[in-house]
Each structure stands twice: as C-alpha cells, then as structure tokens.
Amino acid sequence: MKMVIGNWKMNGNIDLLHSIVPTLLQDGLGAAVGLCLPYPYLSAAHSLLKAARSQIKLGAQNLSEHPFGGYTGEISAAMLKEFGCKLVLVGHPERRSMYGETRDVTASKLHAALGAGLYPVYCVGETLAQREGGLARQAMLDELALLAGVPSDRYAVAYEPSWAIGGGVTATGADINEMHLFIKDVLGAGTRVLYGGSVKGHNAAQVLGLDSVDGVLVGNAALSASEFLSICRTANRCAHGEPIELLKKPRAGLIDADAGAHPLPGMPLIDGAFWRGF
Ligand code: PEP
C-alpha cells in the first residue's frame, strides 16, 4: 500500500469540499487515502464520508498539545476524534517556520496525538541552509529521536524538505531515496515514510515508484480532484507493482517529467490492514 494524504492548508471552501469529496468517493478511493482539511470543514467532510461508508481517512493539519483548558483558539486531540479524524499532521514545516513550533512543542503534540489514538503524520525535513551546510541528517536525527520506542504502526513520517514545499521544486529521486533510507535506518525498516514537496499528477510516478517511498503528502495538488485522483491512481499502480513507463526515464530531476501518469480509472484503493485500530 502506498498512502496519499492531501493537505489543503488554509485553502478551499465548503463548495470545494462538496465538489471534491463526492468525486473521490465515486472513484472508490479507500483506506490508503487521507484528507487533512481546515477545521471548519471536518464536520461536513465526516458526514459525507460516513454516509458513503468510505474508508478515506479524515485528518486535521494541527492540534493542541494540551488536552483542554484556557487555550483560546486551540483544538484538542479529543475534539478531532469527535469529528471523525483518524490522522493529524504534526510539525508541518509551515507550522515550524511561520508559527514558531519548536521541537518541544512538536514533541508534546506527538504525545497528545498518540495518546488520543490519532495517527500522527510527523513532518521532518531540512531547510535549504541545513542542506547546503551538510547538516540535513543531523537536523533530522534530532527530530526523529522523538519517535524512538514508538511502535512503527502508530505513525508515519513525512519527509518534507522545506525548500521543496509549495514552490514547484521537487527533490530528485536520489535526494528522496537517501533521506528515506536514512529515516528507516534510524527508526526501523518498518517505518512508513511519505514524501511531501510539490508532488503533482505529472511527477507522482517518479516519486511513488521509489521503493523507499511509502506514500506522499500532497499540498496544492490536493485542491484539484483530477490532480489528486491522478496521484492516487499512480499510488495504486505503484503499490501493485505495475510497470510505469515513466520510471524507466533518467531521474535527474522530477519536475520536468512527462505529464502523463497513465491512470487506471476505477481501481479501488482499499487496504485496511495497515489502518488496524485507527
Ligand atoms: C505540504 O504542504 O505538505 C506540501 C507537500 O505542499 P506542496 O505539495 O504544495 O508542496
């Protein structure tokens, strides 16, 4: 199974929700797919998914590190669960860089998510300065240490180099492989490692075709049903070991890849085993 998790960030509106979710449902997307929506849309999304008995996993983009109390504007893990969330992003690079989320804060949020039975997608990745200074691995090590001892079926790691997010620059296959293998070395071979950073329909095969990639975290492309579906179909094909012509091309950089992902419409993406308990 290769996971595809959409992160709408602070985009979209209720109309988009009512157009995208039914389209995804029609395509039979299942347990390998997640949608991390802005808080106000969680309840409506939960109703849509529940009515369709969908296995698509609903998620939030953030949570409070506190269980309850005088924390105006915050949302607790228990509240997310009440509205049907199964997963939650923790430590997204935009939270770290724009909202000053420190390692201590992300540690507490991880703890809160895991304690409530949510499935955290823990985002780690180096800045451009760290990469250029040869410090990428050290930066990651400090963050990965937070997960030491946590069973690997309780979370996923998303490798999200901050220089590749939102800006249209995708890491090369070699960059991705190197860091994913490093993460699996540190946390164990069974660790689910997703890649996030400008994944689109046209370059998804180059990313998802890598053995070290267990899925993708998708930002802007998750706001288009056709883009997102194309990525999900590619994930399904890669998970089933289908040959993908694009993967035979040299992987100097992913962004120039051919625009055709050759999707197979209608193939259900259902693999419940991994989500046992969530
Ligand atoms: C993200 O926000 O996690 C992300 C990967 O964004 P984008 O796909 O737009 O780079």
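Residue indices begin from 1 for each chain and proceed along its sequence in written order. With pLDDT at 70 or above as the cut-off, local features in this predicted model cover only qualifying residues; side-chain atom pairs require 80 or more to be listed or tallied, and sums for whole chains, interfaces and linings still use all residues. In computing side-chain properties, one takes all heavy atoms of the structure into account and sets aside hydrogens as well as water.

Glancing now at the overall build of the protein. Numbering of helices and strands runs from the N terminus, with a helix taken as a DSSP run of H or I at least four residues long and a strand as a DSSP run of E at least two residues long. Along its length, the protein carries ten helices and eight strands. Classification of the 278 residues of the protein by burial places 50% in the buried group. Sequence separation of at least 24 residues holds for 77% of the intrachain contacts in the protein that already meet a minimum separation of 6. Methods summary: accessible areas were calculated by the Shrake-Rupley approach with a probe of 1.4 Å, and residue burial reflects only the protein chains presented. When the accessible surface of the protein is summed, it comes to about 11800 Å², and 55% of that surface belongs to carbon and sulfur atoms. Relative accessibility decides the category of a residue: with a 1.4 Å probe and only protein chains considered, values under 20% of the type maximum give buried, values over 50% give exposed, and everything between is partly exposed. In this analysis, two residues are considered to be in contact whenever any of their non-hydrogen atoms come within 4.5 Å of each other.

Let us now look at the packing of aromatic side chains. Note on aromatic pairs: the rings of Phe, Tyr and Trp (six-membered ring only in Trp) are paired at centre separations within 6.5 Å, and the planes decide the class, stacked below 30 degrees, edge-to-face beyond 60, tilted for the rest. What the rule picks out here adds up to one aromatic pair. As a reminder, the over-ring test applies to NZ of lysine and CZ of arginine, requiring each to be within 6 Å of the ring centre and within 35 degrees of the ring normal. Over the ring of Tyr-99 we find Arg-95; its NZ or CZ atom is 4.4 Å from the centre of that ring.

At their nearest, the axes of helix 1 (residues 14–26) and helix 10 (residues 225–239) sit 10 Å apart, and the two run at 30 degrees to each other. Between helix 1 and helix 10, the crossing angle belongs to the class labelled roughly parallel. Judged by the twist between their axes, the crossing of helix 1 over helix 10 is right-handed. For the pair helix 1 and helix 10, contact is made by Ile-20, Thr-23 and Leu-24 and by Ala-225, Phe-228 and Leu-229, respectively. Lines fitted to the C-alpha atoms define the axes, with helices restricted to the stretch that makes contact. Angles between their N-to-C directions range from 0 to 180 degrees. Any angle between 65 and 115 degrees counts as roughly perpendicular, while under 35 counts as roughly parallel, over 145 as roughly antiparallel, and the rest as oblique. Crossing handedness is defined as follows: a turn of the near helix away from the far one that is anticlockwise and smaller than a right angle gives a left-handed crossing, while the clockwise case is right-handed.

With that out of the way, let us pick up the sheet that holds strand 7 (residues 192–196). Taking strand neighbours around the barrel as the criterion, the eight strands line up as 1-2-3-4-5-6-7-8 in a closed arrangement whose pairing is parallel. If you compare each strand with its neighbour and ignore which way they point, the axes differ by 25 degrees on average. Here three bridges tie strand 2 (residues 33–36) to strand 3 (residues 57–60), and the two strands are oriented parallel to one another. Paired with Cys-36 across the two strands is Gly-59, which belongs to strand 3. One requirement defines pairing of two strands: DSSP has to find at least two bridges between them.

A few words now on the confidence of the model for the protein. Scored between 0 and 100, pLDDT is the confidence that the predictor attaches to each residue. Across the protein, the average pLDDT comes to 87, with 86% of residues at 70 or higher. Taken together, the stretch residues 246–278 has pLDDT below 50 and engages in 85 contacts with residues farther than four places along the chain or on a different chain.

This paragraph deals with the site of the ligand. Around the ligand sit 14 residues, and of these Lys-9, His-92, Glu-160, Gly-166 and Ser-198 come closest. Contacts described as polar in this section are N or O atom pairs within 3.5 Å, which, within protein, must combine one atom able to donate a hydrogen with one able to accept it, while residues neighboring in sequence count only if both atoms come from side chains. For the ligand, an oxygen atom lies 2.8 Å from a polar atom in the side chain of Lys-9. In isolation the ligand offers 290 Å² of accessible surface; the protein chains occlude 100% of this area. Residues are grouped as follows: nonpolar covers Ala, Val, Leu, Ile, Met, Phe, Trp, Tyr, Cys and Pro; charged covers Asp, Glu, Lys and Arg; every other residue, Gly included, is treated as polar. For the shell around the ligand, the residue count by class is four nonpolar, eight polar and two charged. When we say a residue is near a molecule or strand, we mean one of its heavy atoms is within 4 Å of it.

This part takes up the pairing of strand 2. Each regular strand shows side chains that alternate between the opposite faces of the sheet. The alternating pattern of strand 2 places Val-33 and Leu-35 and Gly-34 and Cys-36 on opposite faces, both of which are buried. Direction of pairing for strand 1 (residues 3–7) relative to strand 2: parallel, over a ladder of four bridges. Counterpart to Val-4 in the pairing with strand 2 is Val-33. With strands facing away from the observer, any crossover in which the path from the first strand over the helix to the second runs clockwise is taken as right-handed. The β-α-β motif built from strand 2, the intervening helix 2 (residues 42–51) and the parallel element strand 3 has right-handed crossover chirality.

Below, the discussion takes up the nonpolar core. Buried Ala, Val, Leu, Ile, Met, Phe, Trp, Tyr and Cys residues that are joined via side-chain atoms within 4.5 Å together make up what is termed a nonpolar core. Core analysis: the largest hydrophobic core is formed by 63 residues, its most contacted members being Leu-63, Ile-183, Phe-228 and Ile-231. Top contributing element to this core by residue count: helix 10, with seven residues. Here Ile-231 is in contact with Val-4, Val-199, Lys-200, Gly-201, Ala-204, Leu-208, Val-216, Val-218 and Ala-221, once residues within four sequence places are set aside.

Bringing unusual backbone geometry into the picture now. Look at Arg-53: it is not a glycine, yet its phi comes out positive at around 50 degrees. Assignment of secondary structure puts Arg-53 in the loop between helix 2 and strand 3. Taking relative accessible area as the criterion, Arg-53 reaches 77% and is therefore assigned exposed. Its identity is not glycine, yet Ser-198 carries a phi of approximately 55 degrees, on the positive side. Looking at the secondary structure, you find Ser-198 in the loop between strand 7 and helix 9 (204–208).

Bringing the environment of Asp-211 into the picture now. Tracing the sequence through the fold places Asp-211 in the loop between helix 9 and strand 8 (215–218). Relative accessible area serves as the criterion here: at 75%, Asp-211 is assigned to the exposed category. Sequence spacing of Asp-211 and Leu-181 is 30 residues, and the spatial spacing of their C-alpha atoms is 9.7 Å.

Turning next to the pairing of strand 7. Most of strand 7 sits inside the fold, with five of its five residues counted as buried. Side chains of strand 7 alternate between two faces, with Arg-192, Leu-194 and Gly-196 and Val-193 and Tyr-195 buried alike. Pairing of strand 6 (residues 156–159) with strand 7, which is carried by four bridges, proceeds in the parallel orientation. Across the sheet, the residue bridging to Val-157 is Val-193, located in strand 7. Strand direction decides the pairing type here: strand 7 and strand 8, joined by three bridges, are parallel. Across the sheet, the residue bridging to Tyr-195 is Val-216, located in strand 8.

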